[in-house]
Amino acid sequence: VQLQASGGGLVQAGGSLRLSCAASGLIFCIDDMGWYRQAPGKQRELVADITGDGSTDYADSVKGRFAISRDKNTVYLQMNSLKPEDTAVYYCNAQRSSTSAMCRNEYWGQGTLVTVSS
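Predicted model only: the values in this text are computed from it and were never measured.

Side note on the nonpolar core
Leu 3, Met 33, Trp 35, Leu 77, Met 79 and Tyr 90 are the most contacted members of the largest nonpolar core, which has 33 residues in total. Among the secondary structure elements, those contributing two or more residues to this core are β1 (2-6), β3 (17-24), β4 (30-38), β5 (45-50), β7 (66-71), β8 (74-79), β9 (88-96) and β11 (112-117). Apart from the residues lying within four places of it in its own chain, the contact partners of Met 79 are Gly 15, Ser 16, Leu 17, Leu 19, Arg 65, Phe 66, Tyr 90 and Val 114.

Here you go:
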């Protein structure tokens, strides 16, 4: 499975960005998809995820500001009311749903940088 993320950039505090992540390849391997982020000097953390049937989960720090959605094999992260502390590299993630030996437990995209200026 290949995950191609896009949509990062520089935005002022209070602004919005929309990230996209398109999955291709062995799509049958995956179900849950989500976004993680890693700020400088910090551990990677879950931002939001969405199951194949549309159930969502969010980190407390982004609830009410971010929205994750999905269209087949593409997952989106709409980020509103951005804050400087949202600055990080955002990574797309997909979790295994198949027991096939062809599948890995999880997959990661290449990361896209989001910078929020104050």
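From this point, the narrative continues.
Some points on the packing of aromatic side chains
Taken as a whole, this structure holds 2 aromatic pairs when the rule is applied. Taking the centre distance of 5.0 Å and the plane angle of 70° together, the rings of Tyr 36 and Trp 108 count as edge-to-face. With Tyr 36 in strand β4 and Trp 108 in strand β10 (residues 106-108), this residue pair connects regions lying 72 residues apart in the sequence. Given a relative accessible area of 21%, Tyr 36 falls into the partly exposed group. With relative accessibility at 32%, the residue Trp 108 sits in the partly exposed group. Here the basic side chain of Arg 18 rests over the ring of Tyr 76, its NZ or CZ set 4.1 Å away from the ring centre. The ring of Tyr 91 has Arg 44 sitting right over it, with the charged end atom 3.8 Å from the ring centre.

Looking at the pattern of salt bridges
Applying the stated criterion across every chain yields a total of 4 salt bridges. In this structure, Arg 37 and Asp 86 form a salt bridge, with 2.9 Å as the shortest nitrogen-oxygen distance. Residue Arg 37 is found in strand β4, and its partner Asp 86 is found in the loop between β8 and β9; the two are separated by 49 residues along the sequence. Classification of Asp 86 by relative accessible area gives buried; the value is 1%. Between Lys 63 and Asp 60 there is a salt bridge, and its shortest N-O distance comes to 3.1 Å.

The rules behind these values
Residues numbered from 1 in each chain as written. Predicted model: local features only at pLDDT ≥ 70, side-chain atom pairs only at ≥ 80, totals over all residues. Heavy atoms only, no water. Core = buried A, V, L, I, M, F, W, Y, C linked by side-chain atoms within 4.5 Å. Buried < 20%, exposed > 50% of the residue type's maximum accessible area, 1.4 Å probe, protein only. Helix = DSSP H or I, 4+ residues; strand = E, 2+ residues; numbered from the N terminus. Contact = heavy atoms within 4.5 Å. Phe/Tyr/Trp six-rings, centres within 6.5 Å; stacked < 30°, edge-to-face > 60°. Lys NZ or Arg CZ within 6 Å of the ring centre and 35° of its normal. Salt bridge = Lys/Arg side-chain N within 4 Å of Asp/Glu carboxyl O.

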